[in-house]
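Next come the chains, spelled out residue by residue.
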Amino acid sequence: MNDDGKANSTVRSLITKVGAFLTWCEQEDFIDNNPFYNLKLSHYGKESLPYLPFDLDELTAIFAQEMEDADRLCLSILAVTGSRLDEIALLDWSQVKTEFGITFIDLRPEEVIVKTDGSHRVVPIHQTVAEDLWSMKTSDCGRIFNYNIDANGKSQNDASKTLMPYVRNVTKHKRKVVHSLRGTFKQMLENAGITQDMIEKLETGEVSLAEIDVAIRENKVDKRVNDKITGHSARDTAGKYGFGPLLIPRANAVSKIDVGFLGLRHRDSDR
């Protein structure tokens, strides 16, 4: 794998899987010792490079394609939430809720599969995409998408195989994949958010949402808000000020994103 130019993360992942098998072989007395135990792998493989966000032309071209309604909805939710693919591919209708007039995804339940403990959070959905989501609702519970679930309870592999052709029709860049929508969202959010001070004042009632709406146009998004939406922070709990402060500042930030890249139908509906 090293000679083939594989990434260090790929080497580690595959060696770990072989090591797990050899551990079982040792436990079942097929071998005396696991030769893969405690291997030092830091010098094998190339350093992993981060995925790159899409530029606006690429983003627009992706959504300009003909595609299945479910695939379009999945990609749209990814584009306006910055969520991880597995979080959306596994979504159940029971996780889609409305509070304060805001449609959001509830990833807080313990049984919801997320990457880290801090990924248990509430994720507001831009109103334009929320309308598409509600229009496809068929029941109060049950999975929204039918991407296959693997033995580990995850659906990202099948979802990625289904969605990647839409990306590859637009760009062949190896570092631009479905996951790039996450980085693209974070970039858009940085130009349409609120500050840490505004969050704290909202929680204590020192400022109103109307005042925030005015101020939001002149401020960069605070890292705390960005991390909270995309699941790079401590898990959400309803604090002494209640549920609103968890959701409202994030929804305000998300609402400022220009979703014109989603297509003519959405641009017309936004006028």
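Residues numbered from 1 in each chain as written. Predicted model: local features only at pLDDT ≥ 70, side-chain atom pairs only at ≥ 80, totals over all residues. Heavy atoms only, no water.

(A) Layout of the confidence of the model for the protein. With 74% of its residues at a pLDDT of at least 70, the protein reaches an overall mean of 79. Below a pLDDT of 50 lies the segment residues 216-221, which in the model reaches 20 contacts outside its immediate sequence neighbourhood of four places, other chains included. Across residues 265-271, confidence stays below pLDDT 50; counting only partners more than four residues off in sequence or on other chains, it has seven contacts. (pLDDT = per-residue confidence, 0-100. Contact = heavy atoms within 4.5 Å.)

(B) Spotlight on the packing of aromatic side chains. Enumeration over the complete set of coordinates arrives at four aromatic pairs. For the pair Phe21 and Trp24, a centre-to-centre distance of 6.2 Å together with 25° between the ring planes defines the contact as stacked. Taken together, the positions of Phe21 and Trp24, both in helix H1 (residues 8-27) and three residues apart, correspond to about one turn of that helix. Residue class for Trp24 comes out partly exposed when judged on its relative accessible area of 42%. Plain terms: the ring middles of Phe63 and Phe261 are 5.7 Å apart, the flat faces sit at 55° to each other, and that makes the pair tilted. Of this pair, Phe63 sits in helix H2 (residues 56-63) while Phe261 sits in the loop between helix H11 (244-255) and helix H12 (264-270); the two residues are 198 residues apart in sequence, bridging distant segments of the chain. Phe261 carries the same exposure label as Phe63, and that label is buried. (Phe/Tyr/Trp six-rings, centres within 6.5 Å; stacked < 30°, edge-to-face > 60°. Helix = DSSP H or I, 4+ residues; strand = E, 2+ residues; numbered from the N terminus. Buried < 20%, exposed > 50% of the residue type's maximum accessible area, 1.4 Å probe, protein only.)

(C) Local environment of empty space enclosed by the protein. This structure, assessed with the given rule, holds one cavity of 30 Å³ or more. In this structure, the largest cavity encloses a volume near 30 Å³. As for the largest cavity, its lining consists of Leu78, Ser83, Arg84, Leu85, Val178, His179, Leu181 and Arg182. A per-class count over the lining of the largest cavity returns four nonpolar, two polar and two charged. (1 Å grid on protein atoms, 1.4 Å probe; cavity = no way out; pocket = protein on both sides within 12 Å on 5 of 7 lines; lining within 4 Å. Points joined across faces, edges and corners; volume = space filled by probe spheres on them. Nonpolar A, V, L, I, M, F, W, Y, C, P; charged D, E, K, R; others polar.)

(D) Inspection of the layout of surface pockets at higher detail. Approximately 800 Å³ is the volume attributed to the largest pocket. Lining of the largest pocket is provided by 21 residues; of these, Tyr51, Leu85, Lys115, Gln156 and His179 occupy positions nearest its centre. Elements represented by at least two residues in the lining of the largest pocket include exactly H1, helix H4 (85-89) and helix H6 (156-168). A total of four residues in the lining of the largest pocket trace back to one element, the largest contributor, which is H6. The class makeup of the residues in the lining of the largest pocket is seven nonpolar, eight polar and six charged. Estimates place the volume of the second largest pocket at around 500 Å³. A breakdown of the residues in the lining of the second largest pocket according to their chemical character gives four nonpolar, four polar and six charged.

(E) Representation of the environment of Arg108. With respect to the secondary-structure elements, Arg108 resides in the loop between strand E2 (102-106) and strand E3 (122-124). Arg108 gets classed as partly exposed once you look at its relative accessible area, which sits at 24%. Along the primary structure Arg108 and Arg121 are separated by 13 residues, whereas in three dimensions their C-alpha atoms are 5.0 Å apart. In this structure the side chain of Arg108 is engaged in a polar contact, spanning 2.9 Å, whose partner is the side chain of Asp106. (Polar contact = N/O pair within 3.5 Å; in protein donor to acceptor, adjacent residues only side chain to side chain.)

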